[in-house]
Amino acid sequence: MNMTKWLGAVLLSVLLLVTAACANTGTQENTQSEKENVSNETKEKNKAVETGNKSLSNIKVLATGGTIAGSSNSDTDTTGYKSGSLGIDKVIASVPQLKDIANVTGEQVVNVGSENVDNALLLKLAKRVNELLKDDQVDGIVITHGTDTLEETAYFLHLVVKSDKPVVVVGSMRPASAISADGPLNLYHAVKIASTKEAKGKGVMVTLNDRIASARFITKTNTTTTDAFKSLEHGYIGEVAGEVVSFYNEPIRKHTSESEFDVSNIKELPQVDILYGYQNDQKYLYDAAVKAGAKGIVVAAAGNGTMSTEAIKGAADAVKKDVVLVRSSRTGNGIVTHEKTDDEHHFVSSDSLNPQKARILLMLALTKTKDPVKVQRYYEQY
Ligand code: DGL
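Because the structure is a prediction, the values reported are computed rather than measured.

## Things to note about the pairing of strand S5 (residues 204-208)
1) Next: Taking burial as the measure, the five residues of S5 include five buried ones, the bulk of the element.
2) Next: Burial along S5 is two-sided: the residues Val204, Val206 and Leu208 and Met205 and Thr207 are all buried.
3) Next: Direction of pairing for strand S4 (residues 167-170) relative to S5: parallel, over a ladder of four bridges. Note on S5: the bridge partner recorded for Val168 is Met205.
4) Next: Crossover handedness for the path S4 to helix H6 (residues 183-194) to S5: left-handed.

Dropping the structure here:
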């Protein structure tokens, strides 16, 4: 090979070697910078998780059980499942999108069907909610709950929560294991509502089936359907459509921060029972409730709280034994008006509260007074 060709070959080799080295360095640089990017990205994520993403609200999810935490071996079984069988971590993990809208942490208060929520649990839940809402690191609370008595818990909290921060109670009509389970999206909506600044000051809210309702008006109106929760007379206060939370109304009766009911020092709520009004009902129902120690009786009476002669005899005897008697309506809707006969018998009328909510208000009223005139005022204000 003559000298010229040899030199050309050497130069080409050197050029190839330099190019390869640059590419490699570049690769190394890329690998290095990729490593830096990955580690920075990971660092960001870890920081967001540990300290919470500063741009997102901190929402605490308190779990009590119910269908939203229910499961069954069959994905078409939407009635025979066991409610309250999944822990809150599993329920939250089933909606990974929650981490995009809030810094969510969960706490299992209890894991029961809501038919077994009792006065002790109401007090425990209310005290925990009030304790958490005092923490400026908590921006709002979501409570997962069985739907059967959800409206009672929500209304109780509506009357005793001492904060304007959003509190949203959520449930589902189908278990987590069912085809088209409604729980995950209901939970997503609840966290979204609790993270929305317009939600402040609206009292305790309830969301299922894309609607936002006030605890004061919402009631369960169907045994199984996903649209079971209705706010029949006064409508919903808002709606969630896609990613948009919209409010249109809010309750004007007293609630949360403006409520005079405070359970912080209450160890036990007074026993209040509900008696149903129907044809041929008898006085002995009232005698039995008084004998068992009821401090208040709510009557789910026919129509506008109309009681039979027998029932009135039983109720009047109960009042003579210091029991407060509230007339509500089994229609579950409309206003039970205060009548002259109420003044004669010292009965109270429930305004627009259905029997199960009239009981909640009467329990709290009895922590303050047994005077029917004063109790009546609570039904006019709350
Ligand atoms: N056991 C009922 C309850 O916890 C199931 C109904 C439901 O959660 O939807 O209320």
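After presenting the structure, the write-up continues.
## A short note on H6
1) Next: With 12 residues, H6 extends 16 Å from end C-alpha to end C-alpha; this agrees with the ideal 16 Å at 1.5 Å per step.
2) Next: When you tally the buried positions in H6, you get 10 out of 12 residues, the bulk of the element.
3) Next: Those residues of H6 that sit buried are Gly183, Asn186, Leu187, Tyr188, His189, Ala190, Val191, Lys192, Ile193 and Ala194.

## Some remarks on the layout of surface pockets
1) Next: Of the volumes computed, that of the second largest pocket is approximately 230 Å³.
2) Next: Surrounding the second largest pocket, 17 residues form its lining, Thr67, Tyr81, Thr147, Asp148 and Lys220 being those nearest its centre.
3) Next: Here the lining of the second largest pocket is composed, by residue class, of two nonpolar, 12 polar and three charged.

## Description of the sheet that holds S4
1) Next: Across the sheet, eight strands lie side by side as S2-S1-S3-S4-S5-S6-S9-S10; this open sheet has mixed pairing. For this open sheet the edge positions go to strand S2 (102-112) and strand S10 (244-247), each flanked by a neighbour on one side alone. The mean inter-strand angle of the sheet, taken between neighbouring strand axes irrespective of direction, is 20 degrees.
2) Next: Note that strand S9 (residues 238-241) and S10 share four bridges and pair antiparallel.

## Thoughts on the sheet that holds strand S12 (residues 296-301)
1) Next: The sheet built from four strands is open, its strands ordered S11-S12-S13-S14 with parallel pairing. This sheet does not close on itself; its edge strands, each paired only once, are strand S11 (272-276) and strand S14 (348-349).
2) Next: Across six bridges, the pairing between S12 and strand S13 (residues 324-329) is parallel. Counterpart to Ala300 in the pairing with S13 is Ser328.
3) Next: Docked against the sheet, helix H10 (residues 355-365) engages S11, S12 and S13, running at close to 165 degrees with respect to S12.

## Let's talk about the UniProt feature "active site" (unreviewed entry) in the protein chain
1) Next: Using the residue numbers shown here, the UniProt feature "active site" (unreviewed entry) corresponds to Thr67 and Thr147. A maximum C-alpha distance of 7.4 Å among these annotated residues, which run over 81 residues, shows that they cluster at one spot. As for the annotated residues named above, the ones lining the second largest pocket are Thr67 and Thr147.
2) Next: Looking at the element boundaries, Thr67 is found in the loop between strand S1 (57-65) and helix H2 (88-93).
3) Next: Owing to a relative accessible area of 7%, Thr67 belongs among the buried residues under this scheme.
4) Next: If we ignore the near neighbours within four places in the chain, the residues touching Thr67 are Tyr81, Ser83, Gly146, Ser172, Met173, Arg174, Pro175 and Ala176.
5) Next: On the accessibility criterion, Thr147 (5% relative accessible area) is buried.

## Observations regarding the site of the ligand
1) Next: The immediate surroundings of the ligand are formed by Gly66, Thr67, Tyr81, Ser83, Gly113, Ser114, Glu115, Gly146, Thr147, Asp148 and Ser172.
2) Next: For the ligand, an oxygen atom lies 2.9 Å from a polar atom in the backbone of Asp148.
3) Next: In the model, an oxygen atom of the ligand is placed 2.8 Å from a nitrogen or oxygen of the Ser172 main chain.
4) Next: In the complex, the protein chains occlude 90% of the 280 Å² of accessible area that the ligand would expose alone.
5) Next: More than half of the atoms of the ligand fall within 2 Å of the grid points belonging to the second largest pocket.
6) Next: For the shell around the ligand, the residue count by class is one nonpolar, eight polar and two charged.

Conventions and cut-offs
- Starting from 1, residues in each chain are numbered consecutively following that chain's sequence as written.
- The model is predicted, so local features are restricted to residues of pLDDT at least 70 and side-chain atom pairs to those at 80 or more, both for listing and for counting; the totals for chains, interfaces and linings are taken over all residues.
- The side-chain figures draw on all heavy atoms in the structure; neither hydrogens nor water molecules are used.
- Three labels apply to residues, based on accessible area from a 1.4 Å probe with only protein chains included: buried if under 20% of the type maximum, exposed if over 50%, partly exposed otherwise in between.
- A run of H or I in DSSP counts as a helix once it spans at least four residues, and a run of E counts as a strand once it spans at least two, with each numbered from the N terminus.
- If DSSP finds at least two bridges between two strands, the strands pair.
- Note on handedness: a clockwise path from strand one over the helix to strand two, with the strands aimed away from the viewer, defines a right-handed crossover.
- In a helix, the anticipated span is given by 1.5 Å times the number of residues less one.
- Points on a 1 Å grid over protein atoms alone make up a cavity when a 1.4 Å probe fits among them but cannot get out, and a pocket when they form an open set with protein on both sides within 12 Å along at least five of seven lines; lining residues each have an atom within 4 Å of a point.
- Grid points are joined across faces, edges and corners, and a volume is the space filled by probe spheres set on the points.
- Following the grouping adopted for this structure description, the nonpolar residues are Ala, Val, Leu, Ile, Met, Phe, Trp, Tyr, Cys and Pro, the charged ones are Asp, Glu, Lys and Arg, and the polar ones are all others, Gly among them.
- All axes here are fitted lines through C-alpha atoms, helices being fitted over the stretch that makes contact, and every angle between N-to-C directions spans 0 to 180 degrees.
- Only heavy atoms matter for contacts: two residues are in contact if any of them lie within 4.5 Å across the pair.
- UniProt positions are given in the numbering used here, feature names are shortened, and annotations may be inferred rather than shown by experiment.
- Neighbouring residues are identified by heavy atoms, a residue being near a molecule or strand if any of them is within 4 Å of it.
- We define a polar contact as two N or O atoms separated by no more than 3.5 Å, with the added condition that, inside protein, one atom must be a possible hydrogen donor and the other a possible acceptor, whereas residues neighbouring each other in sequence contribute only through side-chain atom pairs.
- Accessible surface is estimated by sampling points in the Shrake-Rupley manner with a 1.4 Å probe; for residues, cover comes only from the protein chains shown.
- In this description, a molecule resides in a pocket or cavity if more than half of its atoms sit within 2 Å of the grid points defining it.

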